[in-house]
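Read off the chains here:
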Amino acid sequence: MAEAYQEEAATEERGDDYGLDRPADLRRTLRRLRASVSNQRLRLWLVLLSVVCYTFFAIAAPMYSATVVDLMWGQIKEARAAGESWTVSWHSGGRELCLLLGLYVAAGLFYFVQSFLMASFAERLSFRLRGEIARKLQRLPLAFYDRRQPGEVLSRVTNDLDKMAEAFQTGALKLMTSLGLIAGSLAMMLRLSPWLTLVFVFFMGLSLLATRVVAARTLRSALRRQECVSRVTSLAEEFYTGRRVIRAFNREAESSAEMHRATRSLAEAAQRADFLVFAINPAVRFINRAGQIGIAVGGCVLMLHGRLSVGAFQAFFQFVHQAGEPLTELSYMLNAMQSSLASLERVYALLDEEEMSPDAQTPAAEAASLPRARGEVRFCGVRFGYTPGSLLMRDINFSVKPGQKVAVVGSTGAGKTTLINLLMRFYELDGGCILLDGVPTTSMSRRRLREQFGMVLQDTWLFDGTIAENIAYGRPDATREQIAAAARAARVDFYVHTMPQGYETRLCNDGELLSVGQRQLLTIARVFLCDPALLILDEATSSVDTRTELEISRAMRRLMKGRTSFVIAHRLSTIVDADLILMMRDGDIIEQGTHDELLRAGGAYAELYNSQFT
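Fair warning: this is a prediction, and the values are worked out from it, not measured in the lab.

(A) Molecular detail of the nonpolar core. Core analysis: the biggest nonpolar cluster contains 44 residues, and Ile 471, Tyr 503, Ile 575 and Tyr 605 have the highest contact counts within it. Sorting the residues of this core by element identifies strand 3 (405–410), helix 14 (467–471), helix 15 (480–489), helix 17 (516–530), strand 9 (534–538), helix 18 (546–560), strand 11 (580–585) and helix 20 (604–613) as the ones contributing at least two each. If you look at the next biggest cluster of nonpolar residues, it comprises 32 residues, including Val 377, Ile 396, Phe 398 and Leu 436.

(B) Summary view of the packing of aromatic side chains. Evaluated as defined, the whole model comprises 12 aromatic pairs. Look at Phe 313 and Phe 317: their rings are 5.3 Å apart centre to centre, the planes differ by 80°, and that puts the pair in the edge-to-face class. Residue Phe 313 and its partner Phe 317 are both found in helix 10 (residues 310–351); the two are separated by four residues, about one turn of the helix. With a relative accessible area of 28%, Phe 317 lands in the partly exposed category. Note on Phe 384 and Tyr 386: the rings are 4.9 Å apart at their centroids and 80° apart in plane angle, and the pair reads as edge-to-face. One aromatic cluster is present, formed by Phe 56, Phe 57 and Phe 110 through successive ring pairs. Lying across the ring of Tyr 240, Arg 243 places its NZ or CZ 4.5 Å from the centre.

(C) Structural detail: the side chain of Ser 178. Position of Ser 178 relative to the elements: it lies in helix 6 (residues 150–192). Relative accessible area serves as the criterion here: at 4%, Ser 178 is assigned to the buried category. Not counting residues up to four positions away in its chain, the partners in contact with Ser 178 are Pro 326 and Met 333.

(D) Main features of the environment of Val 320. Relative to the helices and strands, Val 320 is located in helix 10. Taking the C-alpha atoms as reference points, Val 320 and Ile 295, 25 residues apart in sequence, are found 9.5 Å from one another.

Conventions used here
- Residues numbered from 1 in each chain as written.
- Predicted model: local features only at pLDDT ≥ 70, side-chain atom pairs only at ≥ 80, totals over all residues.
- Heavy atoms only, no water.
- Core = buried A, V, L, I, M, F, W, Y, C linked by side-chain atoms within 4.5 Å.
- Buried < 20%, exposed > 50% of the residue type's maximum accessible area, 1.4 Å probe, protein only.
- Helix = DSSP H or I, 4+ residues; strand = E, 2+ residues; numbered from the N terminus.
- Phe/Tyr/Trp six-rings, centres within 6.5 Å; stacked < 30°, edge-to-face > 60°.
- Lys NZ or Arg CZ within 6 Å of the ring centre and 35° of its normal.
- Contact = heavy atoms within 4.5 Å.

Encoded structure:
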């Protein structure tokens, strides 16, 4: 029993929210769980059948052992009285021993079957939910990700599902078998000796009381320890990533002192938590041993008075072990299941998140009716806000002819990126419409719409794969010649050939082998390869040097020729040749026109331009 408490306390120390992490709506979660396991009902029935059979044999074996021991004890006494030696034969105990062995083997067999079935049940459930989450994440709007930290979403996919699977594999199975063993063992103990059963219940009550009192304090200490661990981890990551800044400002001593304070707090919290975990074991063990001594003394008295046989006495001790361990673990298992259901509830909450509105038609149906876009774009009375009732854009109107270059300028937070997000239909409009070649973008599938655009963002993104695979991300079927041609157009082919394996060089950790400028060039090559009808450039040359910027600009001019292009720019020198410049402020377009027209107007654009070149 003490060992079971140690396992419980260790679980608390791992921060499993013992006793606190409970589902808000248990009935609804159970109904959803029932639907999720609808394809495994036969497996569940087999698990329950195996549990029943295991419990039966686990209870029958100690009870039958009383008969076997009494039979052999009687034969030993008779042989001793007759002055003969006693040996085990098939007719003098051998048959009964084989039957007893068969009962234990049957119990072990059914325990193996139920464990195997329950493990596969939990993993199948986890696999099904992971698949549903993977599909759900593709249907969620970008607004969902804007409202949440990446770790929160990842926690649903990993921690919560792992916690649920582990609890069902171990906790649920232990809970079912423990309830059966406790009920059956207590019934057999009452049948063998009601008085000894009362002694067992009394000392078990003391043990459970001591466990619960210390468990509450252990939980608080464990939570404090987890907070200190998080603090130390956070500081270590912060100081590691910011080591250049720390040294540049001569803050090594202060950083070291702060880390020492955090580690000292962690040591104190860990010391208290470890003391509570390991100090209770001797106390619980003492109570258990005192109970066993009380049962042993009481059993001897009953045997002396002929009210209890030797076989019944040893069987009683087997039942004490079978009921004692599950009783000690029962509270832990109940809380583990509650915590598991709370994790499952959070998974279901993710699956219930509002999805993007369905497309008007499928990409396959559009492919025949919508050819490659010419590039005519119109914003007609567009209204949009990230939160209901709070509009960022109130009345956006402008027109772009095919092949024109459109520059979007303004201060940080003016709404430049939001404008592009609406064009790509990353967010849905609150009013008005956006037309592509005279067709509302809401009547097109998102896939078909986005096939018309090529995007180069300020923040590069490279996945774990070869350079060739990264360039061909938008066209996986591209040949090596086409990939190399796109790299040459983006002025990155030379850098690729300096890599150890050329285009087969594997990138990891977002391409840490490359400089920031080289990573940007790879993303530009990715767009070259896709050959889109329209371009979106969000400060595409902001991370490269002046010479590379000039090369990219020449390549971009060739790429933009005959294509409608939207350019978000902070350096106004790069967009003086734009056919249309949109000056934005607080989500609205306050000026629009060519560079010369806006300079002559002497408004906000002229003020911004002059501030950069004064």
